[in-house]
Amino acid sequence: MKIAVLALQGAFYEQEKVIRELGAECLELRQPKDLSKTFDGLILPGGESTAQGKLLRELNMFEPLREMIRGGLPVLATCAGLILLAEKSSNDDRSWFQTLPVTVRRNAYGRQLGSFHTVQNFGDMKDIPMTFIRAPYIEKAEKDVEILARVDGNIVGVRCRNQLALSFHPELDSDRRIHRMFLENIR
Amino acid sequence: MSEERYQLNRQLAQMLKGGVIMDVTTPEQAKIAEAAGACAVMALERIPADIRAAGGVSRMSDPKMIRGIQEAVSIPVMAKCRIGHFVEAQILEAIEIDYIDESEVLSPADDMFHIDKRKFSVPFVCGAKDLGEALRRIAEGASMIRTKGEPGTGDIVQAVRHMRRMNQEIARITSMREDELFEAAKELRVPFELVKYVQENRKLPVVNFAAGGVAAPADAALMMQLGAEGVFVGSGIFKSGNPAKRASAIVQAVTNYTDAKLIASLSEDLGEAMVGINEQEIRLLMAERGK
């Protein structure tokens, strides 16, 4: 199995390390020509969504990737990735793929002093460590979105068709259950 | 700072990787930087080239000016305090800055001691010319490192020298027997554990960016090929003819730093680059501040 990781900016190397550790292959998406390679899933890593979104458009990768996601390519999105997928944001005019029918709040916990680590349940998985770095959360999810995790009442993990989207960074902790779930659903 | 907080601060630096952090002096410049794809901005009253030209003592920027920039953009905002000036750092923490740069670009406030960065909850980035400096700053609590380079010159030679030196020293540590690490720690004047980390992981324990003298997409790509994990651009953008275009070209060059064809097209028609000065022409070597 091959997983493509969007490698324009951010913590993509951390994702690649996890994917390889779990026995799948990895490839980096940096240019349009990388999109013609075959892969079975896509990871949208953490980083700055404005920087990643700008690069997606400038490098002409935006439209083809959106078509792939719309076409059912399995996606795991963390933090900035969630913002890229979200239909809209409650505190920002900018939006990108708009394939996930949720409203996100960017920098919902404030600046870096608001970043935190916690342990919460995720779907039917108990005690998942969660690292939030200047993270967004989901303010509103439409009907066909399955809510998998909440922290202090706010939605931080959802699934909708082929898209698994998180406010936090499972790649920064050593618990591999979420990545394993992502890979198992592709198999 | 708790261990958990330190981890979170290191992890914010991980999110900045593969990105460009740009010096800005106004909310308008901050917006241009964000729109060009900057992953963070450094808010300061005067960019290094102007600090160099103005001379005199340069200090932390006006908190009101920094707040204006915090309100203008959604990306992380960094700001500089003087080396050793822990009260300036306390002020920056009070206005919830995302990262403090304890920077040799400003006039040092202490010629002996750096700030004890472990006492703070906000993260710190510090400059380093070699492995010893980098590890000493990390021991003091820095959660991100950058080369010092020579700020405000548009001359990349010093950043290259610092990055190469760091890589060579990391390679040397990696090749040592474990019983030799004690002597290496003594030489570098750093805790044994940090040297051990470098040996086991063949890298610094925190993210390492390039800074100082980056003026063109080719400079940024050069630093990335030499092993930088991202790039700071100070005077290079807003001292040039077409800041928006140059900023965006540098951002793309950092993402695709090995694609010479792409960097060739990014380098076209960028307008005037900042006027550079060679290291032999300057009287003040900022990189020599704070070791």
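Q: Teacher, can you tell me more about the overall build of chain B here?
A: In terms of helices and strands, chain B carries 13 helices and 8 strands. Taking 19 Å as the expected radius of gyration for a compact globule of 291 residues, we find that chain B reaches 18 Å, a close match to that expectation. When its C-alpha atoms are laid out on the principal axes, chain B stretches across 55 × 45 × 40 Å. The buried share of chain B, taken over its 291 residues, is 63%. Taking the intrachain contacts of chain B between residues at least 6 apart in sequence as the baseline, contacts between residues at least 24 apart amount to 67%. With the model as given, the accessible surface of chain B reaches about 11,300 Å², and the carbon-plus-sulfur share is 50%. Within chain B, the 41 negative side-chain charges are centred at a point lying 2 Å from the centre of the 36 positive side-chain charges.

Q: Sorry, what's going on with the pairing of strand E11 (residues 154-160) of chain A here?
A: Within a regular strand, side chains alternate between the sheet's two faces. Residues and elements named next belong to chain A. Across the 7 residues that make up E11, a large majority, 5, are buried. With 5 bridges joining them, strand E10 (residues 146-151) and E11 adopt antiparallel strand pairing. Each residue of the ladder has a partner; that of Ile 147, found in E11, is Val 158. Two successive antiparallel strands, E10 and E11, enclose a turn made up of 2 residues, where Asp 152 displays a positive phi of approximately 50°. Sheet topology places E11 next to strand E12 (residues 163-166); 4 bridges connect them, and they run antiparallel. Paired with Arg 159 across the bridge in E12 is Leu 164. What sits between E11 and E12 in their antiparallel hairpin is a turn of 2 residues, with Arg 161 showing a positive phi close to 50°.

Calculation rules
Residues numbered from 1 in each chain as written. Chains lettered and ligands numbered in written order. Predicted model: local features only at pLDDT ≥ 70, side-chain atom pairs only at ≥ 80, totals over all residues. Heavy atoms only, no water. Helix = DSSP H or I, 4+ residues; strand = E, 2+ residues; numbered from the N terminus. Rg over C-alpha atoms; globule rule 2.2 N^0.38 Å. Buried < 20%, exposed > 50% of the residue type's maximum accessible area, 1.4 Å probe, protein only. Contact = heavy atoms within 4.5 Å. Areas by Shrake-Rupley, 256 points an atom, 1.4 Å probe, with all protein chains shown as cover. Lys, Arg positive; Asp, Glu negative; His and termini not counted. Charge placed at Lys NZ, Arg CZ, Asp CG, Glu CD. Pairing = 2+ DSSP bridges.

By themselves, these are just geometric observations and shouldn't be taken as functional.
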